[in-house]
Amino acid sequence: PITGNFPIKLFVDSSFRPFEYQNNDYFHPVFLYESIFDFLIFLILIFALKKSADKYDGFVFFAYIFLYSFVRAFLELIRLDSVLFINSLPFPFLVSVFGIFAGVLGMIYRLRAH
């Protein structure tokens, strides 16, 4: 997507721009956003959920599924290169929504199983 006045932006040469965005020079670096969010997820899983890992088997796994899917769902809505759409929503977004529900249900199950 076009960045407007957003401070983080990536110049894309016109030869690499999608046809409908030929008049736009700068785009959101979605790959950078994902890298930053993935690193934050790593920190959360390592530090904030360390005690949960010891107490609840599988909890950190389901927390990862939830957090990663949440980030992907958000980022899929601003990507320009999605190929498959279902009812105007990118298919990876729908998979991410499923991952969010699976992660939440898994965390609840692991908490209750303890």
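Everything discussed here concerns the structure shown above.
Residues numbered from 1 in each chain as written. Predicted model: local features only at pLDDT ≥ 70, side-chain atom pairs only at ≥ 80, totals over all residues. Heavy atoms only, no water.

One non-glycine residue, Asn87, lies in the positive phi region at around 50°. Topologically, Asn87 is positioned in the loop between β3 (85–86) and β4 (89–90). Here Asn87 falls in the exposed class, since its relative accessible area comes to 71%. The phi torsion at Ser88 lies on the positive side, around 65°, for a residue other than glycine. Mapped onto the elements of the fold, Ser88 is located in the loop between β3 and β4. Looking at Ser88, the relative accessible area reads 64%, which means it is exposed. (Helix = DSSP H or I, 4+ residues; strand = E, 2+ residues; numbered from the N terminus. Buried < 20%, exposed > 50% of the residue type's maximum accessible area, 1.4 Å probe, protein only.)

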